[in-house]
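Per-entry structural report
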Amino acid sequence: MGETLAHYRRAAKHRAAKSQDTQPVGGPNRRNLLRVGTAAAASAGAAALFISPEKAEATEQSPPDPMARMPWDIVLCLGQSNQTRTDYTATYYTESDDRVLEWDAVAGVAGVTASGQPDYLPWSFSRAYAREHLAYGRRVVYLPLGKGETGFSSTSLTGQAGYTTVANGTWDRNLTADPKNLALNALAQAQAALAAAPAESRFVAILWSQGEQDRGKARDNGASWYATRVDDLFTWLRTSLAVPNLPILVSSMTPETIADTILAGNVNAALLDTPRRIKFSAYIYGPENMSKYNEPIHWATHGHTRRGQMFSAALNRARLNNTGVGPTPPLNLQVERTMKSVSISWEPPIGRATNYVIAMSTDSGTTWQTVARANPIDTKAFAEAASDAPVWVRAATVNEIGTSSWSTTKQVGGFVVTAPAPDPGPSDGIHSVGVSEYTNRWLSKQQTGGAGTALAAITPHTGTVSLVQANAAKRPTIAMDGTTPVIRFDGVDDDVSASGLATTKTITLVCKVTAPVGKNTGILSTGANFVRRTNEATPRLGTQVSTNPGQYWPYPQPELYHVITIIADGTTGALSIDGGYKPLNGATANTQILLGRYGTTNFGQIDVLEVVSWDRALTESECGIVSASLKAGYPGLT
């Protein structure tokens, strides 16, 4: 670094010594702010004008920093709180760099970013950009214009129909009545920075990190609601700045935020699809496992550092995202197996992609089947194959020019499948004072009929209430898991329910999710509360109690049955998985048992061994007793 900066200075001094012009520049200390405007230059006096080293020596004046005359590469950093500093200081990551300047919108100056403060995306990207992209004799200046809690659905105005009132304003450029219109401010600051910059300065990128504020609005109005607005903003900024191909780097929300597909799914889909809709743009996912402690909607400091590196690496991908660039194969194809489930992932190629073709074979490539995918430019896919069958996977990229050649084929072996353990039968009782006093219990083994029998009603072992399905086309069936009978829900339209359970406070079921990885799987709903398995590459079990934010935990050993308990009595809320216990914020009392679905369309592909209900909220220790007792009744399966 020292040699590089010294080289910059020597070259700049050499050019300056030959110059006959006087130009406004910064003060003699290279860390001084670069003053802009005639008033600032006048107040700086002679020190604000360029003087040659020879004249400085004769007049005993220190010459100004020659780096101050270097042109700027300007980066606009837009969005909400993940564009701001929100976490701890990590000095190792945040050393100052004289080539990296931060724009001060109030003072109208740009200064070297001070070290020893929390890292964040604008600074981490700019440091990475300086290392990887910055041309000789230039500096990078970032404009930190993100504001927390803002989006296209927010405004600082009160009583604005269709908007949420927040202190920091709106990104809706058409809501000009908002005095805190962040889109208009971003344009004004960009123009001010360019006007203040040395000659030959330029805009080089827009960084967008937003979406969290607009999740609810997009959930209710569709992904197109968000896509239309963000596309309009990007197009307007490019046009207003007269840079039609200005690269746009779009961040995902944190993976933990994305995991709540009900709330975040539509915004995530719109962000992910941006490079297909908008040329010269790129989408950056993650990083994973780098969110803040107890605040997973935000990245931690080390997460911001990694994001900056990822954004810098994606810049060339955005520059080559154009219809004139032919398709090349996806990069870094990865395949993982979990029994029947096949998880496939890859990285986007350097260039334009409007779709991918993922093909899988189970016969050494003699025949291939195309893997179905929901989003054309998502970089994940999921499939199924017999547990003991090896699989071969390959991928190709599609764009307006055509289809690329295939990537290198990846092979992953199958599993050795052993004979299932003998059917132990259900537990005869939950043997503990109190917890054995359940009010209803339904057992798969006690349902009449053989394998394939559709169940109009799941009759109780204890209690008088049946779980019913009047529609013959939507009934679960009796199936065999080895030699053990289970109640099987197809994940398409099967469910059963029982109402009139206003006194039910706790519901436990022993079940296994059989849906392929990547499919959102409804397990149980009790009215306003539900449990599901997420559609992530590494699935988690999660719940929402009433209207409170979802909570999610790992879903280990998907090949086994798990004991899942949800508690909601109007005061207490909790989720227990295999005896573990997690309190939830608030709870609307249970009013029903709906097995195999939540909402109207979120069905679950699950196998169920039994269901138990209580008319009171079980405690944490009681959940542990229930789990241990039920597991003891199904050795080898749980």
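Residues numbered from 1 in each chain as written. Predicted model: local features only at pLDDT ≥ 70, side-chain atom pairs only at ≥ 80, totals over all residues. Heavy atoms only, no water.

It is worth spelling out the overall build of the protein at this point. Regarding its fold elements, the protein presents 12 helices and 37 strands. Buried residues in the protein amount to 52% of all 638 residues. In the protein, once contacts between residues fewer than 6 apart in sequence are set aside, the share between residues at least 24 apart is 68%. Surface exposure of the protein reaches about 26400 Å², of which carbon and sulfur atoms provide 51%. (Helix = DSSP H or I, 4+ residues; strand = E, 2+ residues; numbered from the N terminus. Buried < 20%, exposed > 50% of the residue type's maximum accessible area, 1.4 Å probe, protein only. Contact = heavy atoms within 4.5 Å. Areas by Shrake-Rupley, 256 points an atom, 1.4 Å probe, with all protein chains shown as cover.)

Side chains carrying opposite charge are able to pair once their charged atoms draw close together. The final tally for this structure, using the stated rule, is 19 salt bridges. Taking the shortest distance from any N to any O, the salt bridge between D220 and R219 comes out at 3.0 Å. Residue D220 is classed as exposed on the basis of its relative accessible area, which comes to 57%. The shortest N-O distance in the salt bridge between D231 and R277 comes to 2.8 Å. On the criterion of sequence distance, the pair formed by D231 in helix α7 (residues 223–240) and R277 in helix α10 (residues 274–277) is long-range, its members being 46 residues apart. (Salt bridge = Lys/Arg side-chain N within 4 Å of Asp/Glu carboxyl O.)

Quick look at the confidence of the model for the protein now. Averaged over every residue, the pLDDT of the protein is 83; residues scoring 70 or more account for 83%. When the criterion is pLDDT under 50, residues 1–53 qualifies, and its contacts beyond four places in sequence or with other chains add up to 79 contacts. For the stretch residues 419–428, pLDDT sits under 50, and the model shows 26 contacts to residues farther than four places along the chain or on other chains. (pLDDT = per-residue confidence, 0-100.)

Attention now goes to the side chain of Q447. Tracing the sequence through the fold places Q447 in the loop between β20 (440–443) and β21 (457–458). With sequence-adjacent residues up to four places away left out, Q447 is seen in contact with L455, A457, I458, T459, I478 and I487.

A few words on helix α4 (residues 121–132). With 12 residues, α4 ought to run about 16 Å at 1.5 Å a step, and its terminal C-alpha atoms sit 16 Å apart, in line with that. Taking burial as the measure, the 12 residues of α4 include 10 buried ones, the bulk of the element. Residues of α4 that are buried: L121, P122, W123, S124, F125, S126, R127, A128, Y129 and A130. Close packing links the buried residues of α4 with β1 (72–79), β2 (100–104), β4 (139–144), β7 (202–209), β8 (248–251) and α11 (301–319). (Expected span 1.5 Å × (residues − 1).)

Looking now at helix α9 (residues 261–272). One full turn of an α-helix is made of 3.6 residues, so residues set three or four places apart face in the same direction. Over its 12 residues, α9 runs only 14 Å from end to end, short of the ideal 16 Å by more than 12%, given 1.5 Å per residue. For α9, the complete set of buried residues consists of T261, A264, V267, N268, A270, L271 and L272.

This part covers the packing of α4 against α11. Look at α4 against α11: their axes get within 7 Å of each other, and the N-to-C directions meet at 55°. Compared by their axis directions, α4 and α11 come out oblique. In this structure, α4 crosses over α11, and the sense of that crossing is right-handed. Together, L121, S124, F125, R127, A128, Y129, R131 and E132 of α4 and H304, T305, R307, G308, Q309, F311, S312, A313, L315 and R319 of α11 make up the contact between the two elements. (Axes fitted to C-alpha atoms, helices over the stretch in contact; angles between N-to-C directions. Parallel < 35°, antiparallel > 145°, perpendicular 65-115°, else oblique. Left-handed = near helix turned anticlockwise from the far one by under 90°.)

What follows concerns the nonpolar core. Counting 45 residues, the largest nonpolar core has L76, L78, L143, W171, W208 and Y226 as its most contacted members. In terms of residue count, α7 provides more of this core than any other element does, eight residues in total. Sequence-distant contacts of Y226, that is, excluding residues within four places in its chain, are made with F152, W208, Q210, G211, D214, A218, V267, A270 and L271. Counting 30 residues, the second-largest nonpolar core is a separate cluster that includes I487, V496, W553 and I606. (Core = buried A, V, L, I, M, F, W, Y, C linked by side-chain atoms within 4.5 Å.)

A few words on the packing of aromatic side chains. The description of an aromatic ring pair uses the distance of the two centres, along with the angle that the planes make with each other. Within the structure shown, the criterion is met by 10 aromatic pairs. Between W72 and W103 the ring centres are 6.4 Å apart and the planes differ by 65°, which places this aromatic pair in the edge-to-face class. One end of the pair, W72, is in strand β1; the other, W103, is in strand β2, with 31 residues separating them in the sequence. The same class applies to W72 as to W103, namely buried. With a centroid separation of 5.9 Å and 35° between ring planes, the pair formed by F152 and W208 is classed as tilted. Taken as a pair, F152 in the loop between β4 and β5 (154–155) and W208 in strand β7 lie far apart in primary sequence, 56 residues in all. (Phe/Tyr/Trp six-rings, centres within 6.5 Å; stacked < 30°, edge-to-face > 60°.)

All right, on to the sheet that holds β1 then. Taken together, the seven strands give an open sheet; going across it, the order is β3-β2-β4-β1-β7-β8-β9, and neighbouring strands pair in mixed fashion. Edge positions in the sheet fall to β3 (109–112) and β9 (281–284), since each of these pairs with one other strand and no more. Averaged over all adjacent pairs, the angle separating strand axes in this sheet is 25°, with direction ignored. Note: β7 against β8, three bridges, orientation parallel. The partner of I206 across the bridge, within β8, is I248. Taken strand by strand, α4 contacts β1, β2, β4, β7 and β8, and its axis lies near 165° from that of β4. (Pairing = 2+ DSSP bridges.)

Glancing now at the environment of S126. Along the chain, S126 turns up in helix α4. Look at S126 and you get buried, because its relative accessible area is 0%. Residues S126 and E102 lie 24 residues apart in sequence; the distance between their C-alpha atoms is 9.4 Å. Sequence-distant contacts of S126, that is, excluding residues within four places in its chain, are made with V100, V140 and Y142. A polar contact of 2.8 Å, which involves the side chain of S126, links it to the backbone oxygen of P122. (Polar contact = N/O pair within 3.5 Å; in protein donor to acceptor, adjacent residues only side chain to side chain.)

Turning to the sheet that holds strand β12 (residues 331–338), a few remarks are in order. The sheet built from three strands is open, its strands ordered β12-β13-β16 with antiparallel pairing. Each edge of the open sheet carries a strand with a single partner, namely β12 and β16 (380–384). Averaged over all pairs of adjacent strands, the angle between their axes in this sheet comes to 20°, without regard to strand direction. For strand β13 (residues 341–347) and β16, the ladder comprises five bridges, and the chain directions are antiparallel.

Where nonpolar side chains cluster on the molecular surface, the patch consists of L320, L331 and I350 and spans about 220 Å² of accessible area. Mapped onto the elements, L331 comes out in strand β12. (Patch = residues over 30% accessible without salt bridge, like charges linked within 9 Å, V, L, I, M, F, W, Y side chains within 5 Å.)

This brings us to unusual backbone geometry. What is expected of a backbone is that most residues other than glycine have negative phi and most peptide bonds are trans. Cis geometry is adopted by the peptide bond preceding P287, which originates at G286 and carries an omega value of 15°. Take P287: it is sitting in the loop between β9 and β10 (291–292). The backbone of E200 sits at a positive phi, close to 70°, despite the residue not being glycine. If you trace the backbone, E200 turns up in the loop between α5 (182–196) and β7. With relative accessibility at 66%, the residue E200 sits in the exposed group. Located in the positive-phi region is D578, a residue other than glycine, with phi close to 50°. The topology assignment puts D578 in the loop between β32 (573–577) and β33 (580–583).

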